[in-house]
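Understanding the architecture of this molecule
This is what each chain is made of:
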Amino acid sequence: MTPRRTAQLAITAVLLLGCAFVLSPFFAAILFAGTVCITTWPLYQSLLRRLRGREGLAAITMTLLLTAVLLVPMIGLTASLTDSAVDLVDYIRAQIEQSDGRPPAWLKDIPVVGADLDAYIRKLTHSQVEMRKLALQAVEPARKFALGLGGVVGQGLLQISLVLFIVFFLYRDGARIQAQLENGAARLGGELWGELLELAGNTVKAVMIGIVGTAAAQALVALVGFLIAGVPGALLMAAGVFFLSLVPVGPPLIWGGAAFWLYQQGESGWAIFMVLWGVLAISSVDNFLKPFLISRTASLPILLIALGAFGGVLAFGFIGIFLGPTFLALGQALFISWTASRPVEAASEALSDAQEDALERQA
């Protein structure tokens, strides 16, 4: 490699590292904005045709629609959940302070395990003062956890706001960005990299369809259960299930709270129904519908989907739900392409590459 080529590569690497360092705080927001933009691109194209090609107006309209669908409901839901969590902790504290150390009378009424729990707690509470002190000490960390949860959700709202800001520019300049990516992929690796770019877009759409479709199905099933059990605000509760289904162990926070409220109202039978409905109907939807939707749309093995989703969340956080399956799909495509080429073809490609390097040195 000539000194000139080495200097060019070094300068390029420094520029790329500098850009990555500057954009690193916004990496997750940019990727999520790209995911949203790719998934909703057909809707944007339809809106753009209706607005006679005015890209700026179409982009701001789509951004406002996403704000109404994502940000506004999440703000109301966040405020409601935070207030409810603090109220629940205060209620538990008041019950502990007013108790005489004995287990509540309703504990024995819990089917199957109530009597055993009552006997076990009575055995532990031989020292009432110590037990009350211990319980009160446990309440304070719970309060801090509830407030911390509200802070985390608040940070999520800020990230969503940043995503919506980025989405506007991706919509407005999306056609030019797509053309640049296609040209770059063609120059980088020819036809294979063009196919990988298309595969990445299809996989992102498939994962988004799987996640949003599963969330909608869980919300619908939850709405039916809330209406049957007579839970007030069933529509708002179902909306909470829709948004929290994007978070691991999210829906049980809603239907579990509904079951607790029913039990407090003396509706033990409906409370049991709500728990069974939540476990067997609401939460079980996620176990089979999401892999089915993603595998049907992206033609990915269910194993890769599961490993990609869980591993992506552990590695990248929430955005990893989309990145994990996409990376594994691209890796699978590369592996299939590499194993499909015969050794003779690989040797001829290596020889042509060596000849090109020799010509560059002579030049």
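If you're wondering where the values come from, they're calculated on a predicted model, not measured in any experiment. (Residues numbered from 1 in each chain as written. Predicted model: local features only at pLDDT ≥ 70, side-chain atom pairs only at ≥ 80, totals over all residues. Heavy atoms only, no water.)

1. Looking at the overall build of the chain
A tally of regular secondary structure across the chain gives 14 helices and zero strands. Going residue by residue from the N terminus, the α and β elements of the chain occur as α-α-α-α-α-α-α-α-α-α-α-α-α-α. Counting across all 363 residues of the chain, residues that qualify as buried make up 29%. Accessible area of the chain: about 22500 Å², with a carbon and sulfur share of 70%. (Helix = DSSP H or I, 4+ residues; strand = E, 2+ residues; numbered from the N terminus. Buried < 20%, exposed > 50% of the residue type's maximum accessible area, 1.4 Å probe, protein only. Areas by Shrake-Rupley, 256 points an atom, 1.4 Å probe, with all protein chains shown as cover.)

2. Notes on the packing of aromatic side chains
Under the definition given, this model contains seven aromatic pairs. Aromatic pair Phe165 and Phe169: ring centres 5.2 Å apart, planes at 70°, arrangement edge-to-face. Note that Phe165 and Phe169 are positioned in helix 6 (residues 128-172) at a spacing of four residues, about one turn of the helix. The exposure class assigned to Phe165 is exposed, which follows from its relative accessible area of 53%. Measuring from centroid to centroid gives 5.5 Å for Trp270 and Phe273, while their planes differ by 90°, and the two rings are edge-to-face. Taken as a pair, Trp270 and Phe273 lie in helix 11 (residues 268-298) at a separation of three residues, close to a single helical turn. Relative accessible area serves as the criterion here: at 23%, Phe273 is assigned to the partly exposed category. An aromatic cluster is present here, built from Trp41, Tyr44 and Tyr171 joined pairwise through their rings. (Phe/Tyr/Trp six-rings, centres within 6.5 Å; stacked < 30°, edge-to-face > 60°.)

3. Side note on the nonpolar core
Of all hydrophobic cores here, the largest spans 24 residues; its most connected members are Val36, Tyr44, Ala58, Leu66, Val163, Val167 and Tyr171. Elements represented by at least two residues in this core include exactly helix 2 (27-39), helix 3 (41-50), helix 4 (55-98) and helix 6. When neighbours within four sequence positions are excluded, Val167 is seen to be in contact with Ala33, Val36, Thr63 and Leu66. Counting 16 residues, the second-largest nonpolar core is a separate cluster that includes Ala229, Val231, Trp255 and Ala259. (Core = buried A, V, L, I, M, F, W, Y, C linked by side-chain atoms within 4.5 Å. Contact = heavy atoms within 4.5 Å.)

4. A few points about the confidence of the model for the chain
Taken as a whole, the chain shows an average pLDDT of 74; of its residues, 66% reach a score of 70 or greater. Note that residues 343-347 has pLDDT below 50 and, in this model, zero contacts with residues that lie over four places away or in other chains. (pLDDT = per-residue confidence, 0-100.)

5. Overview of a nonpolar patch on the surface
A cluster of nonpolar residues, Phe21, Val22, Leu23, Phe26 and Ile30, forms a patch on the protein surface that exposes about 500 Å² of accessible area. By residue number, the principal contributor to the nonpolar patch is helix 1 (residues 3-23), which donates three residues. Relative to the elements of secondary structure, Phe21 occurs in helix 1. (Patch = residues over 30% accessible without salt bridge, like charges linked within 9 Å, V, L, I, M, F, W, Y side chains within 5 Å. Salt bridge = Lys/Arg side-chain N within 4 Å of Asp/Glu carboxyl O.)

6. Brief notes about the pattern of salt bridges
Going through the model one piece at a time under the given rule, you end up with three salt bridges. The salt bridge involving Asp173 is made with Arg172; its shortest N-O contact spans 3.3 Å. According to the relative accessible area criterion, Arg172 is partly exposed, its value standing at 31%.

7. Quick look at the packing of helix 9 (residues 234-244) against helix 10 (residues 251-264)
Between helix 9 and helix 10, the shortest axis-to-axis distance is 7 Å and the interhelical angle comes to 155°. As summarised for this structure, helix 9 and helix 10 are arranged roughly antiparallel, according to the angle between their axes. Residues Met237, Gly240, Val241 and Leu244 of helix 9 pack against Pro251, Leu253, Ile254 and Ala258 of helix 10. Grouping the constituent residues of the contact of helix 9 with helix 10 by class yields seven nonpolar, one polar and no charged. (Axes fitted to C-alpha atoms, helices over the stretch in contact; angles between N-to-C directions. Parallel < 35°, antiparallel > 145°, perpendicular 65-115°, else oblique. Nonpolar A, V, L, I, M, F, W, Y, C, P; charged D, E, K, R; others polar.)

8. Section: unusual backbone geometry
Comment: phi is negative for the bulk of residues other than glycine, and the bulk of peptide bonds are trans. Even without a glycine there, the phi angle at Arg52 is positive, about 60°. Among the structural elements, Arg52 can be located in the loop between helix 3 and helix 4. The class for Arg52 is exposed, based on a relative accessible area of 76%.

9. What about the environment of Leu323?
In this fold, Leu323 is placed in helix 13 (residues 320-340). For Leu323, a relative accessible area of 11% gives the class buried. Once the C-alpha coordinates of Leu323 and Phe32 are considered, the two residues, 291 residues apart in sequence, prove to be 9.2 Å apart. Those residues in contact with Leu323, other than ones at most four positions away along the chain, are Leu31 and Phe316.

10. Brief notes about the side chain of Thr214
Structurally, Thr214 can be placed in helix 8 (residues 191-229). Residue classification places Thr214 among the buried positions, given a relative accessible area of 1%. Excluding anything up to four places from it in sequence, Thr214 contacts Ile209, Val285, Asp286, Leu289, Lys290 and Leu293.

11. Some words on helix 3
Along helix 3, the residues that are buried comprise Trp41, Tyr44, Leu47 and Leu48. The buried residues of helix 3 occupy an angular sector of 120° when projected down its axis, which confines them to one face. Residues of helix 3 that are exposed and angled more than 90 degrees away from the buried face: Leu43, Arg49 and Arg50. Following helix 3 by one or two positions, Arg52 has its phi on the positive side, about 60°. (Arc of directions from axis to C-beta.)

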